[in-house]
Amino acid sequence: MELFVVRADSAGSGKVPAEGTYVRYGDRVAEGPSILHADLDAFYASVEQLLDPQLRGRPVAVGGSVVLAASYEAKRFGVSGGMAGWRAREACPQLVFVRGHFAEYRRLGDAVMAILGDYTPMVQRISIDEAFLDVGGSKRLFGPPHEIAAAIRVRVRDEVGLSISVGAARTKHLAKIASQVAKPDGLVVVDPEREREFLEPLPVRLVWGVGPATELRLAHRGITTIGQLARSSPHHLARLLGGGQGAKLRALANNEDRRQVRPSGRARSVGAQSAFARSAPTPDLVAEVLGHLADRVAGRLRAGGLAGRTVTVRVRFAGLRSVTRSLTVRDPVASTLTLREIAESLVAQALADHSTERVVTLLAISIANLVDEPAVQLEFAVAGEDPHHLGSPSGAARLAVDRSMDNVRKRFGRSSVGYAAPTFSERGAVPDEFRELAEHEL
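Residues numbered from 1 in each chain as written. Predicted model: local features only at pLDDT ≥ 70, side-chain atom pairs only at ≥ 80, totals over all residues. Heavy atoms only, no water.

**A look at the nonpolar core**
Grouped together as the largest cluster of nonpolar side chains are 39 residues, with contacts concentrated most on Leu-36, Phe-43, Leu-116, Leu-133 and Ile-152. In terms of nonpolar packing, the next biggest core, distinct from the first, is built from 32 residues, Ala-272, Phe-276, Ala-343 and Ile-367 among them. (Core = buried A, V, L, I, M, F, W, Y, C linked by side-chain atoms within 4.5 Å. Buried < 20%, exposed > 50% of the residue type's maximum accessible area, 1.4 Å probe, protein only.)

As structure tokens, then:
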């Protein structure tokens, strides 16, 4: 097994290895795989260092009471996203905290996506700072995939001022792993004939869907590398992780991934989720969390001029066991209060159906079956009116209040106005602007 690394300090034409750090795994890069995964390096902290040159080379954290993102200089001290601010300062006394420039994150992220779109229309954006590309149809215009990837890296650095790591492989999952191996500021191309050799020694946490809890459970069974996961017994993994998740992770470890790059278009659903420490599902906790989630989801719907008919909630219990409940309603939903009430009833149903579960670790809301937000035809008030019905006085009033708050937030910021429970709860420690940048379809 040979890992070939070329480094060059001078800027070049974008041809490998003329610029940056290029990593080649395997010997057949002339044709190479056609799926790329492009991922900006430490995006939020890197943007702050770009905006303020005095922060460059220093450990930087975006946030305050909670670390939202950390620069590579801070990560070397063990600082990571989600860490309490006091703990981060303890680990790195010279850490510099910045509040975050969310409009700049969006602007620069969009600028990078525009560069990717210059090479192929087959761009699937999966978050503010990463995307998949299928460049199979672009070879005659721009050269083989590794040259396209190198050119992208040069342009992002020169035109936007940020570094981006790219992985190239035969499947989406492997391309994403390759981009993680390439970090920071690198390019990894995986030869289709040497995929297993590439994956064999890598840590299991690089498999898409393996979080800290799953990694720990696998480690307790002696499974720490992707190769070990690939060779594990399906029955053994089913007992350890559940049938669905065990089969999915084993397939990905064997690079069985038939998903295609699908260009981003109109959203098929809008969602948000909140993970937290093991907690009893008290009515206060459920109302607080769902209030936050409904506010975020409904606000994004209205901002896009959309409404949805199918509301889905997800409840995750201990041991990563999750259940979902859905409801399709007659009138499209875009009101925060209406979405919250529907979600609360669905979560109550899920909890009643699993009454032996004592703790929850995540709640999520998504809304699908999207349509353009309809015009409201007002109706006469009647006894026993349904506040979920758009044309009822209560339904119209709810939507009017939401739109008024949307206008205030546009002018004075998201924290300037809101419903009482979400606004004054401790979950406001993480700005909703940051949550929305990080979220994509559930």
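Okay, back to it.
**Quick look at the packing of aromatic side chains**
Applying the stated criterion across every chain, the model contains six aromatic pairs. With centroids separated by 5.8 Å and ring planes inclined at 35 degrees, the aromatic side chains of Phe-132 and Trp-208 adopt a geometry described as tilted. In this pair, Phe-132 sits in strand S8 (residues 130-134) while Trp-208 sits in the loop between helix H8 (195-199) and helix H9 (212-220), placing the two residues 76 residues apart along the sequence. Taken together, the ring pairs connect Phe-43, Tyr-44, Phe-102 and Tyr-105 into an aromatic cluster. Seen from the ring of Tyr-72, Lys-75 lies directly overhead, with NZ or CZ sitting 4.8 Å from the centre. The ring of Phe-132 carries Lys-172 above its face, with NZ or CZ at 4.9 Å from the centroid. (Phe/Tyr/Trp six-rings, centres within 6.5 Å; stacked < 30°, edge-to-face > 60°. Helix = DSSP H or I, 4+ residues; strand = E, 2+ residues; numbered from the N terminus. Lys NZ or Arg CZ within 6 Å of the ring centre and 35° of its normal.)

**Considering the sheet that holds strand S4 (residues 60-63)**
With mixed pairing, the three strands of this open sheet are ordered in space as S5-S4-S6. The open sheet has two edge strands, strand S5 (67-70) and strand S6 (96-98), and neither has a second partner. Each strand axis lies, on average, 30 degrees off the axis of its neighbour in the sheet, ignoring direction. As paired elements, S4 and S6 share three bridges and run parallel to each other. Each bridged residue has a counterpart across the sheet, and for Val-60 the counterpart in S6 is Val-96. Contacts from helix H1 (residues 43-51) reach S4, S5 and S6 within the one sheet, and its direction differs from that of S4 by about 110 degrees. (Pairing = 2+ DSSP bridges. Axes fitted to C-alpha atoms, helices over the stretch in contact; angles between N-to-C directions. Contact = heavy atoms within 4.5 Å.)

**Considerations on the packing of helix H4 (residues 102-117) against helix H6 (residues 145-160)**
The packing of two helices is summarised by the inter-axis angle and the distance between the axes. Contact pair H4 / H6: the axes reach a minimum separation of 10 Å and the direction vectors enclose 145 degrees. When the axes of H4 and H6 are compared, the crossing they make is right-handed. Of the residues in H6, those touching H4 at Leu-108, Ala-111, Val-112, Ile-115 and Leu-116 are Ile-152, Arg-155, Val-156, Glu-159 and Val-160. Class assignment of the residues belonging to the contact of H4 with H6 gives a composition of eight nonpolar, no polar and two charged. (Left-handed = near helix turned anticlockwise from the far one by under 90°. Nonpolar A, V, L, I, M, F, W, Y, C, P; charged D, E, K, R; others polar.)

**Brief notes about the pattern of salt bridges**
In total, this model carries 22 salt bridges according to the counting rule given. Across the pair Asp-257 and Arg-259 runs a salt bridge whose closest N-O atoms are separated by 2.7 Å. Notably, a salt bridge pairs Arg-330 with Asp-331, separated by 3.5 Å at the nearest N-O pair. The exposure class of Arg-330 is exposed, given its relative accessible area of 62%. For Asp-331, a relative accessible area of 15% translates into the label buried. Look at the salt bridges and you will find they share partners, linking Asp-39, Asp-41 and Lys-183 into a network. (Salt bridge = Lys/Arg side-chain N within 4 Å of Asp/Glu carboxyl O.)

What is shown is where atoms sit, not what they do.
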